[in-house]
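Residue-level listing of the chains:
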Amino acid sequence: MSNATPSSGPDEFELISRLKAKLPTGDSVVIGVGDDCAVIDAGVPGQWQLHKTDAVVEGIHFTKDADPQQIGHKALGRALSDIAAMAGTPRWATVTLGLPDGFDAETVESIYDGMAALAKRHEVSLVGGETVANPERLFIGVSLVGEVASDKCILRSGASVGDGVWVTGELGGSIAGHHLEFTPRLAEARWLAAHHQPSAMIDLSDGLAGDLCHLLVEANAGAELLESALQIRREARLRARESEAAKPPLLAALTDGEDYELCFTLGQGRAVMLLDQFKQEFPGTPLSCVGKIVERPGLKIRQKSGIREISTRGYVHFQ
Ligand SMILES: [Mg+2]
């Protein structure tokens with residue numbers, strides 16, 4: 001399950017760049033297309049608005065038999081994760097529900113229960129919505145508005161050569177259940193911005209290899225990861241053990257989507273202090289420095305056997 005555009009159409013990122021040129025933007029737009037959220041200066045001194053829209057679709061982001069409460073949780077959680085990526089605070093959400101034929105009211109209520117529970121936990125108000133018929137399958141679109149102090153907003157751009165690459169939580173094997181149950185890292189992101197001001201940040205929705213590359217492109221730099229530093233989710237290891245067709249755990253950690261963790265960069269001098277303070281503040285959230293930003297573009301991984309190059313699609317070969 002991952003972000004997906006129709007398989008016969010253009011690549012998602014190619015499509016975005018084609019559309020980007022056509023979009024009108026005014027003076028109030030600080031960041032338009034191209035980061036985790038749009039950033040708007042709505043005239044409140046020292047504060048920016050964050051805008052995000054996201055959708056989940058049956059058969060792509062969840063299966064027909066998934067728990068409706070978890071579907072609701074995921075629909076809102078994905079948008080919250082993008083607000084986290086900018087170190088913001090989510091405030092107001094509206095929901096569009098596309099309902100297939102024969103859908104019952106109890107299931108719709110359960111979807112809303114899942115969304116409402118998560119919204120409550122993060123003090124988000126659900127302020128409206130729209131229900132439309134969508135004969136073949138269920139979809140849920142969420143539009144979310146958040147806020148961030150303008151000097152605390154963390155963008156995808158800003159990483160420098162020498163910065164450490166950091167990741168919260170564990171990676172890979174999300175399909176086994178994490179993709180429906182994850183906790184958006186809002187508190188961690190705001191704490192990081194307040195105390196350590198990461199140089200760049202993104203949330204992991206398409207896999208570490210692909211998402212980290214967005215930071216690298218912005219920085220016109222590369223990164224070298226350390227295999228032994230990656231925290232791989234147990235389910236990724238189990239799947240590899242149970243089926244030869246499953247991805248090897250390392251590849252799963254690098255390329256499986258839907259981890260909904262934070263990936264950020266930070267000057268190396270702060271590593272020990274960050275680890276120590278983060279552990280005290282968030283004892284339940286793993287945090288690892290998984291590599292560093294290097295001058296030469298591209299993504300590499302250092303293993304016992306040598307250094308390998310990684311493509312965003314996961315092809316790995318020896319140098
Ligand atoms: Mg994102």
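Being a predicted model, the structure only gives us computed values, none of them experimental.

A few points about the packing of helix 2 (residues 68–85) against helix 3 (residues 105–121)
In a pair of packed helices, the angle between the axes and the distance between the axes together describe the arrangement.
Next, step 1: Running from N to C, helix 2 and helix 3 point in directions that differ by 40°, and their axes come no closer than 6 Å. Taken together, the axes of helix 2 and helix 3 lie oblique to each other. Crossing geometry of helix 2 relative to helix 3 is assigned as right-handed. For the pair formed by helix 2 and helix 3, the contact residues are Pro-68, Gln-69, Gly-72, His-73, Leu-76, Gly-77 and Leu-80 on the first element and Thr-107, Ser-110, Ile-111, Asp-113, Gly-114, Met-115, Leu-118 and Ala-119 on the second.
Next, step 2: Here the contact of helix 2 with helix 3 is built from residues that sort into 7 nonpolar, 7 polar and 1 charged.

Re the coordination of the magnesium ion
Next, step 1: Looking at the metal site, the magnesium ion is ligated by Asp-36 (OD), Asp-82 (OD) and Asp-203 (OD), spaced 2.0 to 2.1 Å from it.
Next, step 2: All donors of the magnesium ion belong to a single chain; written as a sequence motif, their spacing is D-x45-D-x120-D. Taken together, the positions of Asp-36 in the loop between strand 1 (29–31) and strand 2 (38–40) and Asp-82 in helix 2 put the pair 46 residues apart, joining distant regions of the chain. No difference in accessibility class separates Asp-36 from Asp-82, as the two residues are buried.

Describing the sheet that holds strand 2
Next, step 1: With respect to topology, 6 strands assemble into an open sheet ordered 1-2-3-6-4-5, the strand pairing being mixed. The open sheet is flanked by strand 1 and strand 5 (125–133), the only strands paired with a single partner. Between one strand axis and the next, the sheet turns by 20° as a mean value, whatever way the strands run.
Next, step 2: By the bridge criterion, 9 bridges tie strand 4 (residues 89–99) to strand 6 (residues 139–149) in an arrangement that is antiparallel. In the strand pairing of strand 6, Trp-92 is matched with Val-145.

A look at the pattern of salt bridges
Next, step 1: Throughout the structure, instances matching the rule amount to 14 salt bridges.
Next, step 2: Note that Glu-14 is salt-bridged to Arg-18, the shortest N-O span being 3.8 Å. With Glu-14 and Arg-18 both in helix 1 (residues 12–20), this residue pair falls 4 residues apart, about one helical turn.
Next, step 3: Across the salt bridge formed by Lys-52 and Asp-82, the nearest N and O atoms sit 3.4 Å from each other. Highlighted residues: Lys-52 in strand 3 (residues 47–57) and Asp-82 in helix 2, separated in sequence by 30 residues.
Next, step 4: Assessed through its relative accessible area of 19%, Lys-52 is described here as buried.
Next, step 5: Put simply, Asp-54, Lys-74, Arg-78 and Glu-258 are held in one network by salt bridges that share partners.

Cut-off values and rules
Every chain is numbered independently, its residues counted from 1 as its sequence is written. Local features in this predicted model are restricted to residues of pLDDT 70 or higher, and side-chain atom pairs are both shown and tallied only at a pLDDT of 80 or more, whereas totals for entire chains, interfaces and linings draw on every residue. Just so you know, side-chain values use all the structure's heavy atoms and leave hydrogens and water out. The angle between two axes is taken between their N-to-C directions and runs from 0 to 180 degrees, where each axis is a line fitted to C-alpha atoms and a helix contributes only its stretch in contact. Each helix is a run of DSSP H or I of at least 4 residues and each strand a run of E of at least 2, with the numbering of both proceeding from the N terminus. If an angle is under 35 degrees, it is roughly parallel; if it is over 145, roughly antiparallel; if it lies from 65 to 115, roughly perpendicular; otherwise it is oblique. Crossing chirality is assigned from the near helix's rotation relative to the far helix, an anticlockwise turn below a right angle marking it left-handed and a clockwise turn marking it right-handed. In this analysis, two residues are considered to be in contact whenever any of their non-hydrogen atoms come within 4.5 Å of each other. Basically, the charged four are Asp, Glu, Lys and Arg, the nonpolar ten are Ala, Val, Leu, Ile, Met, Phe, Trp, Tyr, Cys and Pro, and anything else, Gly included, counts as polar. Donor atoms are limited to N, O and S found within 2.8 Å of the metal ion, a distance that becomes 3.2 Å for Na, K and Ca. With water left out, some sites might look partial. Throughout this description, buried means an accessible area under 20% of the type-specific maximum (1.4 Å probe, protein chains only), exposed means over 50%, and partly exposed covers the range between. Two strands pair if DSSP finds at least two bridges between them. Counted as salt bridges are all cases of a side-chain nitrogen of Lys or Arg within 4 Å of a carboxyl oxygen of Asp or Glu.

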